[in-house]
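# Architecture and fold: a report
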Amino acid sequence: MLASYVFYAWWDWRFLGLILLSTVLDFGVGILIEKAKNSARRKLLLSLSLTVNLGLLGFLKYYNFFIDNFVEAFQLLGHKMEGSSLQVILPVGISFYTFQTLSYSLDVYHRKIRACQDFIAFSAFVCFFPQLVAGPIERASHLLPQFESKRSFHVLEAQDGMRQILWGLFKKIVIADNCAIFANQLFNHSDEYQGFALFAGALFFTFQIYGDFSGYSDIAIGTARLFRFDLKQNFAYPYFSRNMAEFWRRWHISLSSWFRDYVYIPLGGSRGSRTIQLRNILIIFLLSGFWHGANWTFIFWGALHALFFLPLLLLGQNRVYLQIVAQGKMLPSLHELGSMLITFLLAVLTWIFFRADTLVHAWSYLTSMIVGLAAKQGYVQTLNLFYWEVGYELPLLILFMLLLEWWGREGMHALEHLKSGYSTAFRWLIYFGIGFVIFSNGNFQETEFIYFDF
Amino acid sequence: MKSFLFKIAIYLFGLLGILLGIISICSWLTDRYDFHNVHTQSNTLCLDINQSYDIVMMGISHARFFSIHNNHYKVEKILSKKFINLAQGGSKCGINEQLYYLQHFYRLGNKAEKVAYIISPHMFFSASLSLASNTFDYETFSLSFLGYYLLFPSENKPQRILSYLSSKLSRDWLQYRPVYPKDDLRRMEKLDTSVIKTGMNNFYDGKNTLDLKRFEANSLRMEETISFALAQGSEVYLIIPPALFGKWRGHDEVEKFALEMAKRDSVSYYNFSESVDLPEFYSDHHHLNTPGTVYFTQNYLLPIFK
């Protein structure tokens with residue numbers, strides 16, 4: 001617990017108070033809910049937890065968004081109005097630990113778990129350093145008992161943790177941070193490019209965000225495993241998904257399952273009329289978008305995903321792909337390959353809205369990209385970009401990442417299957433090879449993890 | 001636990017060994033070519049051991065210009081002196097790392113009668129020069145260069161070392177060859193105040209104020225450099241270079257510091273900021289072209305280095 005607090009304070013000690021407030025509140029609320037005799041009191045206590053946690057999150061993350069939009073809306077209606085935006089610093093990881101503590105209060109309220117009586121264990125659960133700032137968002141039922149029980153060092157767990165950390169570092173330092181250079185260049189100067197060059201920019205961001213976020217998750221999960229903590233898998237090879245429903249079962253799993261369990265199912269889930277189902281899907285996708293940040297671009301990103309998901313729901317295709325593609329086989333079928341490609345391209349399209357500064361920027365990016373596909377200039381720009389700036393190393397490294405992930409797609413992480421079935425020499429060759437590539441091709445300039453901002 | 005830690009240690013040391021081995025090979029692949037000050041801004045590619053020089057030149061681009069564009073031989077001829085240039089252009093080396101280069105120079109058993117430090121005023125105030133991570137990207141890899149640098153106090157050291165090591169594996173390094181340049185005959189037509197107005201802030205980290213805290217820190221490092229050079233038996237010359245616009249922002253602070261330093265034995269200070277005011281002697285507002293370098297050397301450096 002102390003190590004976690006020191007870790008967090010390293011960024012800004014002043015915000016430790018916020019975590020402590022959430023911790024003390026939810027610890028107390030949990031015990032009081034369990035002791036409460038009547039349901040009205042239980043509800044009141046839960047409301048207190050929800051109000052304070054969501055209130056803090058809402059104020060720190062969304063205050064300016066709402067003020068600015070109210071002012072704009074009133075001005076559009078012809079009323080003169082002035083709102084005062086605040087220079088609010090968003091505490092790193094607030095969206096993650098708030099959702100984690102909320103899940104605890106909700107689970108105690110729904111009697112899914114017993115209230116924790118050990119304050120130190122509970123504090124450690126809220127602020128556990130590997131996943132504190134960018135997830136995975138853990139559930140109390142899964143992580144809390146691990147703090148309450150005695151653990152001992154387990155060499156195989158630790159070894160696999162190190163493999164996962166190595167792979168996470170590769171994805172973050174080599175893939176994400178190098179892709180970021182070109183994604184930033186193309187998105188920040190999108191008016192100077194067109195056609196395929198902008199498509200390349202969207203592709204770079206697609207791999208940047210995957211490498212960044214799944215890389216962080218791998219490092220977090222691997223680090224936790226060194227201490228013999230088991231954290232949930234957060235990414236399960238989402239770019240090998242065959243439709244958008246599968247994509248959402250594989251992308252940021254801890255968040256999507258949170259929304260499923262605490263919003264979608266309480267709203268009625270897939271029960272009830274089609275209208276109710278559609279409404280519920282739309283709500284969780286919009287909320288998911290809004291969770292990422294106070295900007296219409298994120299909301300539109302969520303809406304776009306809902307748009308791609310809803311036809312699958314209506315056609316009853318949303319649960320057809322529950323297993324990883326081409327399980328037990330070396331290669332996918334042509335049909336699977338086509339489905340993966342289409343899903344990937346849809347994901348690329350949505351990332352444009354996620355990355356753009358505003359909806360107008362996203363729209364102009366998209367139109368220049370599509371319209372420019374017919375123009376020669378875009379191809380010339382792309383050739384110049386790759387010949388003079390990108391080079392061949394980064395595309396090859398992305399390909400290497402995809403191949404290794406394909407090879408290890410049935411495991412919890414890409415290198416998991418190396419723990420058995422291969423000679424020591426081969427395994428060490430892979431470890432040294434990845435270590436060498438991290439060093440030789442890594443971008444070691446200070447670049448924050450994208451999801452620290454959420 | 002023990003076997004796990006042992007394996008981790010094996011991995012880390014093994015990886016380090018492999019990396020250093022490959023880096024050494026890559027470093028040698030370029031180092032085997034015969035580089036001279038006139039071909040490259042790299043210092044380690046040119047530096048030899050146990051050499052005696054009349055002058056060591058230090059500073060940033062305004063000092064490096066005495067060597068590049070074929071100027072080195074011309075300057076040596078005019079001064080009738082053998083000189084070596086340790087200065088670094090390209091906004092990648094500040095006062096602190098210049099001191100490290102000088103230490104490295106003497107550590108190799110080299111000697112110099114005079115140290116000519118071209119003190120461009122903005123180098124005292126610029127954070128980007130002090131923090132640049134690509135300072136050693138074109139230096140050869142050697143364990144002693146790295147080892148001593150590990151002990152050398154510096155800002156942004158980890159990034160700089162990472163960049164130094166990983167740059168040896170880059171295409172840029174492996175394809176790096178001696179370049180035989182031509183005279184720099186670009187010339188300015190006239191002084192353009194609007195360019196100076198917009199461009200000046202770039203040299204001061206985008207600010208239109210002076211970073212006095214950094215000035216103080218850099219002054220201390222400069223003082224250390226002077227003391228170090230004096231301790232090696234060299235005379236020190238602090239020279240403010242010419243600029244078409246005359247004085248740089250922060251000139252007065254730097255001059256005050258230099259005058260203070262010049263009170264010490266074997267330290268001299270010269271202010272040539274307004275010495276060359278003809279646009280045709282400049283390739284831009286503050287860099288002399290080849291005719292300008294020749295003119296300046298003949299008329300201003302020769303009298304003091306006679």
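The structure presented is a predicted model; accordingly, all values stated were derived computationally and were not measured.

Further remarks concern the overall build of chain A. Counting its regular elements, chain A contains 18 helices and zero strands. The C-alpha atoms of chain A give a radius of gyration of 23 Å, which matches the 22 Å a tight globule of 454 residues would have. Taking the principal axes of the C-alpha coordinates as reference, chain A spans close to 70 × 70 × 45 Å. For chain A, the residues scored as buried account for 43% of the 454 residues in total. Contacts spanning at least 24 positions in sequence make up 74% of the contacts within chain A whose residues lie at least 6 apart.

Right, let's talk about the overall build of chain B for a bit. Assigned secondary structure in chain B consists of 12 helices and five strands. With the C-alpha coordinates aligned to their principal axes, the bounding extent of chain B is approximately 70 × 40 × 40 Å. Burial analysis of chain B (306 residues in total) assigns 41% to the buried set. Taking as baseline every contact in chain B between residues at least 6 positions apart, the subset at least 24 positions apart corresponds to 83%.

Residues and elements named next belong to chain A. Within helix α7 (residues 140–148), burial applies to Ala-140, Leu-143 and Leu-144. Buried positions in α7, seen along its axis, are confined to an arc of 95° and lie on one side of it. Here the buried face of α7 lies against α4 (94–109) and α5 (119–127).

Below, the discussion takes up the sheet that holds strand β5 (residues 267–271) of chain B. Residues and elements named next belong to chain B. The parallel open sheet is built from five strands, whose spatial order is β2-β1-β3-β4-β5. Every interior strand has two partners, whereas the edge strands, β2 (83–85) and β5, have only one. If you compare each strand with its neighbour and ignore which way they point, the axes differ by 20° on average.

Attention now moves to the interface of chain A and chain B. Taken together, the 12 residues of chain A in the interface contact 13 residues of chain B. Those elements that provide at least two residues to the side of chain A that touches chain B are α8 (155–188) and α18 (424–441) of chain A. When residues in the side of chain A that touches chain B are grouped by element, the largest group, six residues, is from α18 of chain A. The residue inventory of the side of chain A that touches chain B, partitioned by class, reads nine nonpolar, three polar and no charged.

Here we take up helix α9 (residues 196–226) of chain A. Taking 1.5 Å of rise per residue, 31 residues should cover 45 Å, and α9 of chain A covers 44 Å from first to last C-alpha, within 8% of that figure. Looking one or two residues beyond α9 of chain A, the residue adopting positive phi is Arg-228 of chain A, at roughly 65°.

What follows deals with the packing of α8 of chain A against α9 of chain A. All names here are of chain A. The geometry of α8 relative to α9 is characterised by a closest axis approach of 6 Å and an angle of 155° between their N-to-C directions. The orientation of α8 with respect to α9, classified from their angle, is roughly antiparallel. In this structure, α8 crosses over α9, and the sense of that crossing is left-handed. Its residues assigned to classes, the contact of α8 with α9 comprises 23 nonpolar, 10 polar and seven charged.

Residue and element names in this part refer to chain B. One way to put it is that helix α4 (residues 95–107) packs onto helix α10 (residues 212–231) with a least axis distance of 9 Å and a crossing angle of 15°. Looking at the two axes, α4 sits roughly parallel to α10. For the crossing formed where α4 meets α10, the hand is left-handed. Residue-level contacts link Ile-95, Asn-96, Gln-98, Leu-99, Leu-102 and Gln-103 of α4 to Asn-218, Arg-221, Met-222, Glu-224, Thr-225, Phe-228 and Ala-229 of α10. Along the lines of polarity and charge, the residues of the contact of α4 with α10 split into six nonpolar, five polar and two charged.

Once that is clear, we can look at the nonpolar core. Counting 110 residues, the largest nonpolar core has Leu-186 and Phe-204 of chain A as its most contacted members. If you tally residues by element for this core, the top one is α9 of chain A, at 18 residues. Sequence-distant contacts of Phe-204 of chain A, that is, excluding residues within four places in its chain, are made with Cys-179, Phe-182, Ala-183 and Leu-186 of chain A. Ranked by size, the runner-up nonpolar core spans 60 residues in total, among them Val-56, Phe-66, Val-75 and Phe-83 of chain B.

This part covers the pairing of strand β3 (residues 111–118) of chain B. All names here are of chain B. Counting buried positions along β3 gives six out of eight residues, so the element sits mostly inside the fold. Note: strand β1 (residues 52–59) against β3, seven bridges, orientation parallel. Bridge pairing in β3 places Tyr-53 opposite Ala-112.

This brings us to the pairing of β5 of chain B. Residue and element names in this part refer to chain B. As defined by bridge partners, strand β4 (residues 235–240) adjoins β5 across five bridges and the pair is classed as parallel. In the sheet register, Ile-240 faces β5, and the bridge partner there is Asn-271. Each parallel crossover has a hand, and for β4 linked through helix α11 (residues 251–261) to β5 it is right-handed.

Our next topic: unusual backbone geometry. Residue and element names in this part refer to chain B. Positive phi values are uncommon outside glycine, yet His-69 reaches one of about 55°. Take His-69: there are 22 C-beta atoms within 10 Å of it, and that puts it in the buried class. The phi torsion at Asp-205 lies on the positive side, around 60°, for a residue other than glycine.

This part takes up the environment of Ser-128 of chain B. All names here are of chain B. In this fold, Ser-128 is placed in helix α5 (residues 127–131). The spatial distance from the C-alpha of Ser-128 to the C-alpha of Phe-83 is 28 Å, given a sequence separation of 45 residues. Once residues within four sequence positions are removed from consideration, Ser-128 is found in contact with Ser-91 and Asp-205.

The next thing to look at is the environment of Val-254 of chain B. Residue and element names in this part refer to chain B. When you line up the elements, Val-254 lands in helix α11. Spatially, the C-alpha atoms of Val-254 and Pro-121 are 6.0 Å apart, while their sequence positions differ by 133 residues. Beyond its immediate chain neighbours, meaning those up to four positions away, Val-254 contacts Ile-119, Pro-121, Phe-124 and Ile-240.

Moving on: the environment of Met-412 of chain A. Assignment of secondary structure puts Met-412 of chain A in the loop between α17 (393–407) and α18. When the C-alpha atoms of Met-412 of chain A and Gln-194 of chain A are compared, they prove to be 39 Å apart, with 218 residues separating the residues in sequence.

About the cut-offs
Residues numbered from 1 in each chain as written. Chains lettered and ligands numbered in written order. Predicted model: local features only at pLDDT ≥ 70, side-chain atom pairs only at ≥ 80, totals over all residues. Helix = DSSP H or I, 4+ residues; strand = E, 2+ residues; numbered from the N terminus. Rg over C-alpha atoms; globule rule 2.2 N^0.38 Å. Buried ≥ 20, exposed ≤ 12 C-beta atoms within 10 Å, placed from the backbone. Contact = placed C-beta atoms within 7 Å. Arc of directions from axis to C-beta. Pairing = 2+ DSSP bridges. Axes fitted to C-alpha atoms, helices over the stretch in contact; angles between N-to-C directions. Nonpolar A, V, L, I, M, F, W, Y, C, P; charged D, E, K, R; others polar. Expected span 1.5 Å × (residues − 1). Parallel < 35°, antiparallel > 145°, perpendicular 65-115°, else oblique. Left-handed = near helix turned anticlockwise from the far one by under 90°. Core = buried A, V, L, I, M, F, W, Y, C linked by C-beta atoms within 7 Å. Right-handed = clockwise from strand over helix to strand, strands pointing away.

As far as function goes, none of this settles anything; it's purely spatial.
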